[in-house]
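Structural description and commentary
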Amino acid sequence: MMEKAMVEGKIGLKFFSRPGNEQHEFIQPMNTQSGREIMKNIKKAMVAFFAGLLIIGCLSSLAQSPRVYWDFETIKNGKVLEVINRKWDVLEGNYGLAPGIKGQGLRLDGFTALLRSGETKLPELNKELTVELWLALGEYPWNWCPALTTEEGNVRGYRLEIGPYGQVAMTVCIDEKWVAAVTESNVVPLRKWTHIAGLYKANGTIEVYVNGVRSAVSMIKGEMKKSGGNFLAGMVASPGKPSDIHRTFGTLEDFYGIDGIFDEIKIYDLALTADRIKTNHREHKIVAPEIQPRRLPAIEKNPRKFGAFYTTLKYYPGWDNLWPVREHADVVVTFDNSEVKMIFWRGTRYSPAWVSENDLWMADQSVEAWNDEEGCFEHMQDRHCRFSHVRIIENNEARVVVHWRYAPVSINENTWRRDPKTGWECWVDEYYYIYPDRTAIRNVSWKKGTLEFPRQFQESLVLVHPEQRACEVVEKDFASVADYDGRMTKVSFVEDVSQPPYGPFSWDKYHDYTVQQYNFKAKNKPFICFEPDNKMWLRYESLKNYCGVRGCNHWPVGQARCDGRTTIVADRPSHIIGFPISEPVVHEQGDREYWAGLYGMNEMKIEEVVKFGRTWAYPAEIVVEDNDFKNYGYDRGQRCYILKNINQKPTGRKIRLEASGQSPVINPAILVEGWNGAAARVLVDGRELEGVRVGINRTLEGSDLILFIPITSESAVEITLLY
């Protein structure tokens, strides 16, 4: 030991020697020749000592430095600079830039974008490995997906993976078998920065750290062979199927990736210590990533006018960028003095959805068929809308008509019942006759012999936004059903769906109800009225699912080639409930078959819906006492009385609706074909009525007159047309 000492007022060095239990002390004055020599030697020793410490520290630091590092600060011409080796690697697909955990990060869309190393080579492994990175997710991948992988032919390499429920796994290939350490679900939240690290020690452990905490560990025997692959970040190396599918034959393998932002990807050729990983996590200031919550499209500027509008609705940029469309891809119908909308959107494959004033969505199924080879044939499988399109046919003050045409297709994009001689298959035409009172006729038709069996026409489907639950959309008594005589019941979330009177459910047991209304937690509630002789199946729901995660999320929005995937986490839009399901009455007309239903979303109570449905199911007779008008009567397929002006010139006429208690009149519509003039004045029982809508629809043959008359009556009503 040594310390400074004062001897006779001079500075010297004091040495202590402990050869045993003894202590010897001597003082050597430093101003002597021998003292100066000692001091010089001591200085040299101290310099060498501290230099050694510095070298050891540098070597230690160097030993724990990454061998590969992407910080995403330098990106040029579709390539990113790898920092350590100064190599340029390829960025593919619709990638973008976003604020990272440090500086700039890489945004991947989950569909097309990835990082693929072209020049950066894999470092040699010294029987140890660490992969670490930061990420923020918009939604979880369809199934296990590498944040980073070096896998080759599924027999060599390693992967740091994200699971479909927010899990993390470090997976390595040992003796051509993949072994992993896997965390619990939900360790990676959505829209938050998360630091993850995967460690490998040959003949030791595989470990996963999440935000500096060891979250999974597995003991292993053996070691990885050298991987001959390249780095791939953000996408599966080969196509795979989604998790939780309903049918293997109804699902195809496909590429999918990670939807989110990456930053600070580092690979080490040693297993970092737990303290080092914790330090790496703590050294960054964590702020909210630039990822907004996902919501089904909203109408930013509702015109609050009755009419149909072409537009291109926005979901989120990664999804929107997939579509090679311009500004008229979708159709939205809006209503006077109401926030209710009817939306025909690519995300639902143009199947229309009714949307309430507080953004609750109600949809329905298309015509559906199926087999045991390809699964379902339906609009849901037309994920690119190759067979599905929508167009506006009429758009006037009294009525809007929208045409949705589609071919039921399978995951293989095969059509239903394709004729081997002609190549023609089943095509469905759905016309929606929409009126200002927020109601519409759904008129569904197809050419005889092209559909046949098996088939299903209707399935009530509530759509939920990501992270939305059934209890936020519907009451526990989620639906009310009735017939036109007023017999009613409720369909509910109950404790045990298998016990009477709620179950067990059977397709052999159906009801003759003709009216249904969903009990939305909204001012405006969706309903459907069917013709008499309708068959309706009811299925109760389990109460444990009321505020839980449930439903199926292969549709809407989903781009996986899958005809059924159970929702386990609420990261995506889903469709839920699915009942009541009806088999409506099918009619023949010429060479076509069709059925029709009366749909709507407004403020009517179920009792009012029943009465309103009677006006359609049992319409009042229309009487025209003039030979110049041909009377075709009431058309349920349009919810409209059809007249034809034989003179082809506009003239005034009187029309009588023979309303009664059994056949009331509520908001009747009248179409006069061949009107061929300007709009008419309308009197109801001899007086002008506020709110009457008069529309002119121009056709190749001339123009038609459409009237919408906001009246309610159980006695005869006289309508006068003045021109």
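Thresholds, definitions, all that
Residues numbered from 1 in each chain as written. Predicted model: local features only at pLDDT ≥ 70, side-chain atom pairs only at ≥ 80, totals over all residues. Heavy atoms only, no water. Pairing = 2+ DSSP bridges. Helix = DSSP H or I, 4+ residues; strand = E, 2+ residues; numbered from the N terminus. Phe/Tyr/Trp six-rings, centres within 6.5 Å; stacked < 30°, edge-to-face > 60°. Buried < 20%, exposed > 50% of the residue type's maximum accessible area, 1.4 Å probe, protein only. Lys NZ or Arg CZ within 6 Å of the ring centre and 35° of its normal. Axes fitted to C-alpha atoms, helices over the stretch in contact; angles between N-to-C directions. Arc of directions from axis to C-beta. Contact = heavy atoms within 4.5 Å. Polar contact = N/O pair within 3.5 Å; in protein donor to acceptor, adjacent residues only side chain to side chain. Expected span 1.5 Å × (residues − 1). Salt bridge = Lys/Arg side-chain N within 4 Å of Asp/Glu carboxyl O. 1 Å grid on protein atoms, 1.4 Å probe; cavity = no way out; pocket = protein on both sides within 12 Å on 5 of 7 lines; lining within 4 Å. Points joined across faces, edges and corners; volume = space filled by probe spheres on them. Nonpolar A, V, L, I, M, F, W, Y, C, P; charged D, E, K, R; others polar. pLDDT = per-residue confidence, 0-100. Core = buried A, V, L, I, M, F, W, Y, C linked by side-chain atoms within 4.5 Å.

Here we look at the sheet that holds strand β47 (residues 653–658)
Read from one edge of the open sheet, 5 strands run β44-β47-β55-β50-β51, paired in antiparallel fashion. Every interior strand has two partners, whereas the edge strands, β44 (621–624) and β51 (687–688), have only one. Where β47 and strand β55 (residues 717–722) come together, 5 bridges link them in antiparallel fashion. Each bridged residue has a counterpart across the sheet, and for L657 the counterpart in β55 is V717.

Quick look at the packing of aromatic side chains
Under the definition given, this model contains 32 aromatic pairs. Considering the side-chain rings of Y435 and F708, the 6.3 Å spacing of their centres and the 20° angle between planes classify their relative orientation as stacked. Here Y435, found in strand β30 (residues 428–435), pairs with F708, found in strand β53 (residues 702–708); they are 273 residues apart in sequence, far enough to count as distant. When sorted by exposure, Y435 lands in the same class as F708, which is buried. Taking the centre distance of 6.5 Å and the plane angle of 80° together, the rings of Y518 and F520 count as edge-to-face. Each member of the pair, Y518 together with F520, is buried. Against the face of Y435 rests R639, its NZ or CZ located 5.0 Å from the ring centre.

Brief notes about the sheet that holds strand β22 (residues 330–334)
Read across the sheet, 7 strands follow the order β21-β22-β23-β24-β25-β32-β40 without closing on themselves; strand pairing throughout is antiparallel. One side of each edge strand has no neighbouring strand; the edge strands of this open sheet are β21 (307–311) and β40 (574–577). Looking at each pair of strands side by side, their axes are set apart by 30° on average, direction ignored. Sheet analysis places β21 next to β22, joined by 5 bridges and oriented antiparallel. Residue pairing in the sheet places Y310 in a bridge with V331 of β22.

Looking at helix α2 (residues 274–282)
Those residues of α2 that fall on the buried side of the exposure criterion are I277, N280 and H281. Buried positions in α2, seen along its axis, are confined to an arc of 100° and lie on one side of it. Residues D275 and R282 are exposed on α2 and point more than 90 degrees away from its buried face. In this structure, the buried residues of α2 make contact with β11 (128–139), β16 (194–201), β17 (205–210) and β20 (259–268).

With respect to the environment of F335
Here F335 lies in the loop between β22 and β23 (341–344). For the pair F335 and F306, spaced 29 residues apart in sequence, the C-alpha separation works out to 4.1 Å.

A few points about the side chain of T334
Along the polypeptide, T334 turns up in strand β22. In this structure T334 comes out as buried when scored by relative accessible area, which is 1%. At a separation of 2.5 Å, a polar atom in the side chain of T334 contacts the main-chain carbonyl oxygen of K305. For T334, the contacting residues outside a window of four places in its chain are N302, P303, K305, F306, G307, F309, V340 and K341.

Points about helix α4 (residues 606–617)
An α-helix turns once every 3.6 residues. As a result, residues three or four positions apart point the same way. For α4, with 12 residues, the first-to-last C-alpha span of 16 Å sits near the 16 Å given by 1.5 Å per residue. Residues I606, V609, V610, F612, G613, R614, T615, W616 and A617 constitute the buried set of α4.

Some words on the pattern of salt bridges
Tallied over the entire structure, the rule returns 45 salt bridges. We note a salt bridge from R438 to E603, for which the minimum N-O separation is 3.9 Å. Taken together, the residues span a long stretch of sequence, with R438 in the loop between β30 and β31 (439–447) and E603 in the loop between β43 (592–602) and α4 at a distance of 165 residues. Counted as one network, the salt bridges with shared partners bring together E139, D259, R294, D571 and R572.

Digging into empty space enclosed by the protein
On inspection of all chains with the given rule, the structure shows 9 cavities of 30 Å³ or more. There is about 140 Å³ of room inside the largest cavity. In this structure, the largest cavity is lined by 17 residues; those nearest its centre are W354, A363, D364, I528 and Y599. Of all the secondary-structure elements, those providing two or more residues to the lining of the largest cavity are β25 (361–364), β36 (515–520) and β37 (525–529). Among the residues forming the lining of the largest cavity, the class breakdown is 11 nonpolar, 4 polar and 2 charged.

A few points about the confidence of the model for the protein chain
Across the protein chain, pLDDT averages 92, with 91% of residues at or above 70. Below pLDDT 50 for its whole length, residues 1–32 participates in 52 contacts with residues either more than four positions away or in separate chains.

Here we look at the layout of surface pockets
Taken as a whole, the largest pocket spans an internal volume of roughly 970 Å³. Elements supplying a minimum of two residues to the lining of the largest pocket: β26 (369–371), β27 (375–377), β40 and β41 (581–583). Here the lining of the largest pocket is built from residues that sort into 14 nonpolar, 12 polar and 10 charged.

Details of the nonpolar core
Of all hydrophobic cores here, the largest spans 79 residues; its most connected members are V333, F344, W345, I434, V462, V474 and F520. Apart from the residues lying within four places of it in its own chain, the contact partners of W345 are L296, P297, L313, Y315, W319, D330, Y350, W361 and V557.

Details of the environment of Y316
Residue placement: Y316 occurs in the loop between β21 and α3 (317–320). Under the relative-accessibility criterion, Y316 is labelled buried at 8%. Once the C-alpha coordinates of Y316 and P573 are considered, the two residues, 257 residues apart in sequence, prove to be 12 Å apart. In this structure Y316 touches D109, F111, E139, D259 and R294, once residues within four positions along its chain are discounted.

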